[in-house]
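Inside the fold
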Amino acid sequence: MITRKLTKEQEVIVEVAEYIGRNYIAPHAIEWDEEERFDPMPIRAMAKADLFGLLIPKEYGGLGFGSTETCLAMETISKYCPGVATTFAAGCLGALPLLVGGTKAQKEKYLPLIAKGEALCAFALTEPQAGSDAAAIKTTARKDGDYYVLNGVKAWITNGGIADIYVIIALTDPKKGPRGASAFIVHKNDPGLVPGKKEKKMGLRASATTEILLMDCRIPKDRLIGREGMGFILAVKSLDIARPGVAAQAIGLAQGAMEVSLLHTKRRIQFGQPVYNFQAVSHTFAEMASRIEAARSLLYDVCRMIDAGAKNISGPSAMVKYFATEMAMWVSERAVQMMGGLGYSRDSLAQKYMRDAKCLQIYEGTNEIQKNILARELAKIYQNEEETR
């Protein structure tokens, strides 16, 4: 509803993402969801349109944009299918540790491939016993001459089995706990990397999610990102930058859910008039639109902070991820209700949006964890203010 002033480049990004959404995603969204199938077609279209290069600096073959432009693309794609957008989002997340802490040689080798969409990334931190408690990981990386040997199991890895490059967080010194974690680049064809079981998910079914098994996976030592012990620092910094992308997914999802259900209520005649004309219904859409716009305003404020080089973005990143995904869950549930029985049908996009929204409250840090982060950052701010009074 609210028109934002975008640059010419940003307008083009939105137009391109809209074209891909309408032509490559919308006709197949229900089909891919029903079949729980990843289809590479829209990812290839995004690669051809250089969307994977939005975050990559020009010196490494990218377009040199930032979080704002990436989130504009993410939001737009998510309106058509949050599952497809998840593949895109996970690819961006997997590239971030390289951007944040990679050596010049690593950046020169991998970033041009990522920017062109020739190498899809995955980020592998979570393990069966280490979800919200990421410090509980058990995967190890043992130094052996000029190599590291990785062993362990990663769980719930988006782009598992389809990624070309995996960023694996593993313990190089288990005695140090989180301070003994390091980040590694592992190729899909490295001996010892094996995709495990495919997860049967409630939503986001157009994205691939699997276990990743590391069984004496031997990689050259120059695949260590940064230095030993930097793994969790790189993971936290990468997630802080990536979480606004989840908010963008939530906003695009909510926009799509609102539009689908609003059009239905304008067409559906009950008691001699469109359902939309009943005040209880139209007021629900007024609240939907208000919540979406509030989340959108917060998102692009946070994006501007990141693009301006703000040092501490943990609090704002947690806030927008939490706020936008809670909003998306509410909007999508209301969208199903506004459509009545049709909204509950598996032929309807509304129920798909609602199932997809649930996962956004969970992945890349549950919303409970986001509130923990935000509360911690608030305590720091007001502790500092107390000390200066």
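About the thresholds
- Residues numbered from 1 in each chain as written.
- Predicted model: local features only at pLDDT ≥ 70, side-chain atom pairs only at ≥ 80, totals over all residues.
- Heavy atoms only, no water.
- Helix = DSSP H or I, 4+ residues; strand = E, 2+ residues; numbered from the N terminus.
- Buried < 20%, exposed > 50% of the residue type's maximum accessible area, 1.4 Å probe, protein only.
- Contact = heavy atoms within 4.5 Å.
- Areas by Shrake-Rupley, 256 points an atom, 1.4 Å probe, with all protein chains shown as cover.
- Patch = residues over 30% accessible without salt bridge, like charges linked within 9 Å, V, L, I, M, F, W, Y side chains within 5 Å.
- Salt bridge = Lys/Arg side-chain N within 4 Å of Asp/Glu carboxyl O.
- Axes fitted to C-alpha atoms, helices over the stretch in contact; angles between N-to-C directions.
- Parallel < 35°, antiparallel > 145°, perpendicular 65-115°, else oblique.
- Left-handed = near helix turned anticlockwise from the far one by under 90°.
- Nonpolar A, V, L, I, M, F, W, Y, C, P; charged D, E, K, R; others polar.
- Phe/Tyr/Trp six-rings, centres within 6.5 Å; stacked < 30°, edge-to-face > 60°.
- Lys NZ or Arg CZ within 6 Å of the ring centre and 35° of its normal.
- Pairing = 2+ DSSP bridges.
- Expected span 1.5 Å × (residues − 1).
- Bend = angle between axes of the 7 residues up to and from the residue.
- Polar contact = N/O pair within 3.5 Å; in protein donor to acceptor, adjacent residues only side chain to side chain.

Right, let's get into the overall build of the protein chain. Regarding its fold elements, the protein chain presents 11 helices and 10 strands. Across the 389 residues that make up the protein chain, the buried fraction comes to 54%. Long-range pairs, those at least 24 residues apart, make up 73% of the contacts in the protein chain with a sequence separation of at least 6. A total accessible area of about 17600 Å² is found for the protein chain, and carbon and sulfur atoms account for 55% of it.

A few words now on a nonpolar patch on the surface. Nonpolar side chains collect at one region of the surface, where Leu378, Ile381 and Tyr382 lie side by side and expose about 300 Å² of accessible area between them. Mapping tyrosine 382 onto the fold places it in helix α11 (residues 367-388).

The geometry of a pair of packed helices is captured by two quantities: the angle between their axes and the separation between those axes. Following both chains from N to C, one finds helix α7 (residues 231-267) and helix α8 (residues 279-307) inclined at 160°, their axes separated by 10 Å at the closest point. When the axes of α7 and α8 are compared, the pair comes out roughly antiparallel. Regarding α7 and α8, the two cross each other, and that crossing is left-handed. Residues Asp240, Ile241, Pro244, Ala247, Ala248, Ile251, Ala254, Gln255, Met258, Ser261, Leu262 and Thr265 of α7 form the contact with α8, whose participating residues are Val281, Phe285, Met288, Ala289, Ile292, Ala295, Arg296, Leu299, Val302, Cys303 and Ile306.

Among the secondary structure elements, isoleucine 373 is positioned in helix α11. On the basis of relative accessibility, which here comes to 12%, the residue isoleucine 373 falls in the buried class. Measuring from C-alpha to C-alpha, the distance between isoleucine 373 and leucine 298 comes to 17 Å, with 75 residues separating the pair along the chain. Those residues within four positions of isoleucine 373 in sequence are excluded, and the remaining contacts are Arg243, Ser314 and Ala318.

Quick look at the packing of helix α9 (residues 314-344) against helix α10 (residues 349-360) now. For the pair α9 and α10, interaxial distance at closest approach is 8 Å and the crossing angle is 155°. Taken together, the axes of α9 and α10 lie roughly antiparallel to each other. The chirality of how α9 crosses α10 is left-handed. Contact residues: Lys321, Thr325, Ala328, Met329, Ser332, Glu333, Ala335, Val336, Met339, Gly343 and Tyr344 in α9; Ala350, Gln351, Tyr353, Met354, Ala357, Lys358 and Leu360 in α10. A per-class count over the contact of α9 with α10 returns 11 nonpolar, 4 polar and 3 charged.

Turning our attention to the pattern of salt bridges. Opposite charge on two side chains permits pairing when their charged atoms draw close. Enumeration according to the criterion identifies 24 salt bridges in this entry. A salt bridge links lysine 221 to aspartate 146, with the shortest nitrogen-to-oxygen separation between them at 3.4 Å. Of this pair, lysine 221 sits in the loop between β7 (209-220) and β8 (224-225) while aspartate 146 sits in the loop between β2 (140-144) and β3 (147-158), and the two are 75 residues apart along the sequence. Taking the relative accessible area as the measure of exposure, lysine 221 reaches 42% and is therefore partly exposed. A salt bridge links arginine 223 to aspartate 190; the nearest nitrogen and oxygen atoms lie 2.9 Å apart.

Right, let's talk about the packing of aromatic side chains for a bit. Under the definition given, this model contains 5 aromatic pairs. Centre to centre, the rings of phenylalanine 52 and phenylalanine 88 are 5.1 Å apart; their planes meet at 90°, and the pair counts as edge-to-face. Linking phenylalanine 52 in the loop between α3 (41-48) and α4 (67-80) with phenylalanine 88 in helix α5 (residues 82-101), this pair joins segments that are 36 residues apart in sequence. The residues phenylalanine 52 and phenylalanine 88 share a single accessibility class, namely buried. Ring centres 6.3 Å apart and planes at 85° place the aromatic pair phenylalanine 271 and phenylalanine 278 in the edge-to-face group. The ring of tyrosine 147 has arginine 218 sitting right over it, with the charged end atom 4.6 Å from the ring centre. In this arrangement the basic side chain of arginine 291 is found over the ring face of tryptophan 330, its NZ or CZ atom lying 3.8 Å from the centre.

Here the focus is the pairing of β3. Bridge count between β2 and β3: 5 bridges; the pairing is antiparallel. By the bridge assignment, aspartate 144 is partnered in β3 with tyrosine 147. Between β2 and the antiparallel strand that follows it, β3, lie 2 residues; glycine 145 among them carries a positive phi value of about 65°. Relative to β7, β3 runs antiparallel, the two sharing 9 bridges. When the sheet's bridge partners are listed, leucine 150 is paired in β7 with cysteine 217.

Here we take up α9. With 31 residues, α9 ought to run about 45 Å at 1.5 Å a step, yet its terminal C-alpha atoms sit only 37 Å apart, falling short of that. Along its length, α9 shows its largest kink, about 90°, at methionine 338.

Moving on, we come to the environment of valine 275. Summarising the element assignment, valine 275 is placed in the loop between β10 (273-274) and α8. Considered as a pair, valine 275 and glutamate 333 are 58 residues apart in the sequence and their alpha carbons are 17 Å apart. When neighbours within four sequence positions are excluded, valine 275 is seen to be in contact with Thr265, Arg268, Gln270 and Val281.

This part covers the side chain of aspartate 39. Of note, aspartate 39 is situated in the loop between α2 (29-35) and α3. Taking the relative accessible area as the measure of exposure, aspartate 39 reaches 18% and is therefore buried. Among the polar contacts listed, one links the side chain of aspartate 39 to the side chain of arginine 37, at a separation of 3.1 Å. Here the side chain of aspartate 39 touches methionine 41 through a polar contact of 2.8 Å, landing on its backbone nitrogen.

Shape descriptors only; they carry no functional weight alone.
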